[in-house]
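Report on the structure
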Amino acid sequence: MRKKRQLSLDEGSRSKTIQGPVRLREWSKDSSGRPHDNMMDPEVSILLDCAQWRGLLENQVQVELSDRFNRQTDPLLEQHIGEVWTQRLTKEPWLFNGAKFRLHSFRLASPERLHCDGSDGHLCEQRRDGAAEGDHVHINGGCLDQSGDNGGFNEKPSPAMSRGAAVRHHPSSLLTLRLGLTCYKDYLGTNWSCKVAELRRRGQKEFGDSLALLAQPLGVGGVLCTCDSQVVFIRRSQKVAEAGGLLDIPGGHPEPKAVCERQGEAGEHISMAVMQQRPDAVVSELFSSVCAEIRDEVNVPLSCLGAPVLMGIALNHTSAGRPSAEFYIRCTVLSSDEVRKLYWEGGAEANESTDVVFLSRTEVLQLNRSSPLWSEMCPSAKGAILLYQTVKPERKQNHREEK
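Residues numbered from 1 in each chain as written. Predicted model: local features only at pLDDT ≥ 70, side-chain atom pairs only at ≥ 80, totals over all residues. Heavy atoms only, no water.

For the protein, the count of helices and strands is 11 helices and 15 strands. Counting across all 403 residues of the protein, residues that qualify as buried make up 59%. With the model as given, the accessible surface of the protein reaches about 16500 Å², and the carbon-plus-sulfur share is 50%. (Helix = DSSP H or I, 4+ residues; strand = E, 2+ residues; numbered from the N terminus. Buried < 20%, exposed > 50% of the residue type's maximum accessible area, 1.4 Å probe, protein only. Areas by Shrake-Rupley, 256 points an atom, 1.4 Å probe, with all protein chains shown as cover.)

With that out of the way, let us pick up helix H1 (residues 75-91). Between its first and last C-alpha atoms H1 spans 25 Å; for 17 residues at 1.5 Å apiece the expected length is 24 Å, and the two agree. As for H1, its buried residues are in contact with helix H3 (184-189) and helix H4 (196-207). The N-cap of H1, judged by a side-chain oxygen 3.2 Å from the amide nitrogen of Leu76 a few residues on, is Asp74. (Expected span 1.5 Å × (residues − 1). Contact = heavy atoms within 4.5 Å. Polar contact = N/O pair within 3.5 Å; in protein donor to acceptor, adjacent residues only side chain to side chain.)

Here the focus is the packing of aromatic side chains. Under the definition given, this model contains five aromatic pairs. Ring centres of Trp85 and Tyr184 lie 6.2 Å apart, and the angle between their planes is 85°; this geometry places the pair in the edge-to-face category. Of this pair, Trp85 sits in helix H1 while Tyr184 sits in helix H3, placing them 99 residues apart in sequence. Ring centres 5.0 Å apart and planes at 75° place the aromatic pair Phe287 and Phe327 in the edge-to-face group. Of this pair, Phe287 sits in helix H7 (residues 279-298) while Phe327 sits in strand S14 (residues 322-330), and the two are 40 residues apart along the sequence. For the pair shown, Phe287 and Phe327 are each scored as buried. Three or more aromatic residues link up through ring pairs in this structure, and these residues are Trp85, Tyr184 and Tyr187. (Phe/Tyr/Trp six-rings, centres within 6.5 Å; stacked < 30°, edge-to-face > 60°.)

On to the pairing of strand S8 (residues 175-183). Each regular strand displays side chains that alternate between the two surfaces of the sheet. Counted residue by residue, S8 has nine buried out of nine residues, so it is predominantly covered. Alternating positions in S8 separate into two faces, Leu175, Leu177, Leu179, Leu181 and Cys183 on one and Thr176, Arg178, Gly180 and Thr182 on the other, with burial throughout. Taken together, the five bridges between strand S3 (residues 61-65) and S8 define a ladder with parallel strand orientation. In the strand pairing of S8, Glu64 is matched with Arg178. With nine bridges joining them, strand S4 (residues 99-108) and S8 adopt antiparallel strand pairing. When the bridges of S8 are listed, Phe101 appears paired with Leu181. (Pairing = 2+ DSSP bridges.)

For the structure shown, the criterion picks out 17 salt bridges. The salt bridge partner of Arg88 is Glu92, with a shortest N-O separation of 2.8 Å. For Asp296, the salt bridge identified is with Arg295, shortest N-O distance 2.9 Å. Judged by its relative accessible area of 34%, Arg295 is partly exposed. Overlapping salt bridges, with partners in common, bring together Asp41, Glu43, Arg369 and Lys382 in one network. (Salt bridge = Lys/Arg side-chain N within 4 Å of Asp/Glu carboxyl O.)

Inspection of the secondary structure puts Asp248 in strand S11 (residues 247-248). Sequence-wise, Asp248 and Lys382 are 134 residues apart; in three dimensions their C-alpha atoms are separated by 8.3 Å. For Asp248, the side chain forms a polar contact with the side chain of Ser380, separated by 2.7 Å.

Phi angles above zero are rare outside glycine, and Arg54 is one such case at about 60°. In this fold, Arg54 is placed in the loop between strand S2 (44-49) and S3. Backbone geometry at Lys392 places phi at a positive 50°, although glycine is not the residue there. The residue Lys392 is located in the loop between helix H10 (379-391) and helix H11 (394-402) in this model. With relative accessibility at 30%, the residue Lys392 sits in the partly exposed group.

Looking now at the nonpolar core. Grouped together as the largest cluster of nonpolar side chains are 51 residues, with contacts concentrated most on Leu175, Leu177, Leu179, Val300 and Phe327. Here this core gets nine residues from one element, more than from any other, and that element is H7. Excluding residues that lie within four positions of it along the chain, Val300 makes contacts with Leu224, Ile294, Arg295, Leu305, Cys331, Leu334, Val339 and Leu342. The next biggest cluster of nonpolar side chains, apart from the first, holds 27 residues, and it includes Ile46, Val364, Ala384 and Val391. (Core = buried A, V, L, I, M, F, W, Y, C linked by side-chain atoms within 4.5 Å.)

In this section: the confidence of the model for the protein. Residues at a pLDDT of 70 or more form 71% of the protein, whose mean pLDDT is 79. Overall, residues 113-135 carries pLDDT values under 50, and its contacts beyond four positions in sequence, including any with other chains, amount to 70 contacts. With pLDDT under 50 throughout, residues 141-167 is counted as low confidence; its partners more than four residues away or in other chains account for 75 contacts. (pLDDT = per-residue confidence, 0-100.)

The subject of this paragraph is the side chain of Thr176. By the secondary structure assignment, Thr176 is in strand S8. Side chain to side chain, Thr176 and Gln62 meet in a polar contact 2.9 Å long.

Here we take up the environment of Val220. By the element assignment, Val220 lies in strand S9 (residues 219-225). Assessed through its relative accessible area of 0%, Val220 is described here as buried. Sequence-wise, Val220 and Ile313 are 93 residues apart; in three dimensions their C-alpha atoms are separated by 8.9 Å.

With that settled, the discussion passes to the state of the cysteines. Simply put, disulfide is the name for a covalent bond between the sulfur atoms of two cysteines. According to the stated counting rule, one finds zero disulfides in the structure shown. For Cys331, which is in no disulfide, the shortest distance to another cysteine sulfur is to Cys304 and amounts to 5.3 Å. Exposure remark for Cys331: the relative accessible area of 1% places this residue in the buried category. (Disulfide = S-S within 2.5 Å.)

Okay, structure coming up:
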């Protein structure tokens, strides 16, 4: 599930692209600058929504991978992370470390215009606000900052990146996620550290980015809708590390280890170089991982799931603005009663939740902070619900199935 549920006792040369935001100044606004009427919840906000396209399919997303997108660090911070990890292991010896993808920034383009594409991957048309269309959008303290200089970094792209080794632009790609590497240990020692406010201040002062010292692992979550228009929620076990007893959606992480293993890299070694040669494999892991989580947590076979539709990215402010890519997945062959039966038969991660709950599509669309159920939702579920209400992705999948 979210965070893999650690348990605890306590583009081509000319292409159509999508209109995206340059800057957000308030967490309560989405990526088009629209305020969310019911979104003043301090626990969650929307970093990016894909409402203009009713969501994005796998072939519309690409990734750019580089060590430049890793978090910044120094010896004192590494010492602190080690101390936090040792303390957690003393209380929870079953915890284990593992590599995760770190979301640094993203790049969004506009579907209404054709643009010329420079050799460095920056689109050259100017928007009305004067920003170059296709400039990278840098995530800074929950806001989006335009950056035409490689997302806030002063150094120039490496020759390998200029040759396209780290990102292969596809004509149909509309969104580029810029990813580095991090790990669960670093996540606990930064995002969940008692010194997180200090780390944010240091990041802003030293790097011009309040998130520069934070792990920021990218999670995934899935809004699963049955053939009788019921949305699936699960109640988290009281023994999970975060938000015990609250309602959630199935979720977890895309795994760098899985990508490397598919490329023939055995063992625990995680190679950025290997993944840079196959960025499409990383995109595949991003989209397939959410289906794997549904299989493991709800016990729904992969063969029963439709293609995931990326609705956008939500931020969880209870863990210092940690990002999660939220998807919509249709299950056209199973009813809510059939899904309930499968859930109680038990999946690979059945111990991470205690119940399955169904809400109608209409109920989910009407949920807001004044709804009694809202207080029972964990932040990851709230973010996914807000994106579902904004994006309305059913139209995307219905159109795809008709074709």
